[in-house]
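Now for the letters of each chain:
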Amino acid sequence: MFDDLQSDGLNDGRKRERPVNSERPLADREVPLGPPTTAIADAVHAWLDGEVPESSVRRAEWSRDVDFWKRMNEDLERRRRMRTPAHVQGRIMEAIPQHAPQMITPWWRREFTVTPTSMLVAAATLLAVGVAATAAILRFAR
Amino acid sequence: MLAGDRDEFTVLITRYSDPLYRHALCMTGSPDVAEDILQLSFIKAYQHLAEVRGRFDAWVFRIVANGCKDWLKNIRRSHLSYDEDDQPSGYATPEEELDRTELRSDLDVALSSLPASLREAFVMKHVEGRSYEEMADLLGTTVGALKMRVHRAREALQALLEEKYA
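Residues numbered from 1 in each chain as written. Chains lettered and ligands numbered in written order. Predicted model: local features only at pLDDT ≥ 70, side-chain atom pairs only at ≥ 80, totals over all residues. Heavy atoms only, no water.

(A) Representation of the overall build of chain B in the model. Of regular secondary structure, chain B possesses seven helices and zero strands. Seen in sequence order, chain B has helices and strands lined up from the N terminus as α-α-α-α-α-α-α. Across the 166 residues that make up chain B, the buried fraction comes to 51%. The contacts in chain B between residues at least 6 apart in sequence include a share of 64% that link residues at least 24 apart. Here chain B has roughly 7700 Å² of accessible surface; of this, 49% comes from carbon and sulfur atoms. (Helix = DSSP H or I, 4+ residues; strand = E, 2+ residues; numbered from the N terminus. Buried < 20%, exposed > 50% of the residue type's maximum accessible area, 1.4 Å probe, protein only. Contact = heavy atoms within 4.5 Å. Areas by Shrake-Rupley, 256 points an atom, 1.4 Å probe, with all protein chains shown as cover.)

(B) Examining the environment of B:D57 more closely. Residues and elements named next belong to chain B. As for its position among the elements, D57 is in helix α3 (residues 56–74). Sequence separation between D57 and L12 is 45 residues; the distance between their C-alpha atoms is 8.7 Å. In this structure the side chain of D57 is engaged in a polar contact, spanning 2.9 Å, whose partner is the side chain of R55. (Polar contact = N/O pair within 3.5 Å; in protein donor to acceptor, adjacent residues only side chain to side chain.)

(C) A look at the interface of chain A and chain B. Listed per partner, the contact involves 45 residues of chain A and 57 residues of chain B. For the pair chain A and chain B, the summed buried area comes to about 5200 Å², and 58% of that belongs to carbon and sulfur atoms. For the interface between chain A and chain B, the tally reads seven salt bridges. Between B:R154 and A:D49 there is a salt bridge, with its nearest N and O atoms 2.5 Å apart. Between chain A and chain B we count 22 residue pairs in polar contact (both at pLDDT 80 or more) in total. It is helix α2 (residues 63–80) of chain A that provides the largest number of residues to the side of chain A that touches chain B, a total of twelve residues. Grouping the constituent residues of the side of chain A that touches chain B by class yields 21 nonpolar, nine polar and 15 charged. (Buried area = accessible area lost by both parts, 1.4 Å probe. Salt bridge = Lys/Arg side-chain N within 4 Å of Asp/Glu carboxyl O. Nonpolar A, V, L, I, M, F, W, Y, C, P; charged D, E, K, R; others polar.)

(D) Structural detail: the pattern of salt bridges. Residue and element names in this part refer to chain A. Counted under the stated rule, the structure contains 23 salt bridges over all chains. Note that E54 is salt-bridged to R58, the shortest N-O span being 3.0 Å. The exposure class assigned to E54 is partly exposed, which follows from its relative accessible area of 27%. Among the ionic contacts, a cluster of salt bridges with common partners joins E54, R58, D67 and K70.

(E) Region of interest: the packing of aromatic side chains. All names here are of chain B. Here the structure, examined in full by the defined rule, presents seven aromatic pairs over all chains. Judged by centre distance (6.1 Å) and plane angle (85°), the rings of F9 and F42 are edge-to-face. Of this pair, F9 sits in helix α1 (residues 6–28) while F42 sits in helix α2 (residues 31–47); the two residues are 33 residues apart in sequence, bridging distant segments of the chain. The two residues F9 and F42 agree in class, both being buried. Residues F56 and W59 carry aromatic rings whose centres are separated by 6.0 Å and whose planes lie at 50° to one another, so their mutual orientation is tilted. (Phe/Tyr/Trp six-rings, centres within 6.5 Å; stacked < 30°, edge-to-face > 60°.)

(F) The side chain of B:R119, seen in detail. All names here are of chain B. Structurally, R119 is set in helix α5 (residues 116–126). For R119, which is buried and forms no salt bridge, the nearest opposite charge comes from D108, at a distance of 8.3 Å. Polar contacts involving the side chain of R119 include one to the main-chain carbonyl oxygen of M27, which spans 2.5 Å. (Lys, Arg positive; Asp, Glu negative; His and termini not counted.)

(G) Expanded view of the packing of helix α6 (residues 132–139) of chain B against helix α7 (residues 143–165) of chain B. All names here are of chain B. Contact geometry for α6 and α7: axes closest at 9 Å, N-to-C directions at 110°. Considering their axes alone, α6 and α7 lie roughly perpendicular with respect to each other. Seen from α6, the contacting residues are Y132, E133, M135, A136 and L139; seen from α7, they are V143, L146, K147, V150, H151 and R154. For the contact of α6 with α7, the residue count by class is seven nonpolar, one polar and three charged. (Axes fitted to C-alpha atoms, helices over the stretch in contact; angles between N-to-C directions. Parallel < 35°, antiparallel > 145°, perpendicular 65-115°, else oblique.)

Written out as structure tokens, the structure reads:
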């Protein structure tokens, strides 16, 4: 029922090579395959992740992968040194508004200052609401 | 800074712009677009400073990363190139310089053919030099998922380029 993953003798961490049939119509596949891929051994991924030293992947069967990624690293190294062009910072500062950043605080987080006037207004409002509610209840009860 | 101290904000731009620019440039492949995304992201960051929760650099990274993804959703580029960095060339001969330009161009095209999520993971790992834990924190996903994305990106890039460069 299930494939024996080790039956082909690839027990050294290298993944099974799976041929990619890109000519097969997309409609024939259950899931689109995405870009074609080349299987890379787990050990080589570990080296690329910086988990093991290069000496641990210096084996004949992986030398092609290792050489390929060392070549790629020449360009990746250059990309790692890239700096923001000097004029960009000035451009950003020119575009930033002159006024202070707006503080958008939801009403329930805002501070309330209690003054005698606001207390009177709140009390009057509560009294009015209470009277109206009582009147409505009494009318409904009749 | 919330009181409107633009000088303090300049310090933040100086400190964080390079890794953000690298991310935008590698994701979009265009220096002009990368500059625009960086500018809009810092303006947005300035306008919404009061909403920062946690680290500023992680927050502004997410703004830039989302800006790149939005741009990629709308634009499909077939060939990408960008200007030289300010570093002096370390190559001795014109042939080596030509090889370097060709590799850069081929890698740009290969990167642009990857799905955005794979490209993002690859760039964060191999250009920005971030750890998987840091990437997971920034992108709000798991280390395992990101390892899978980086591995798939490598395998796709190697499939595209190994005939010429292996």
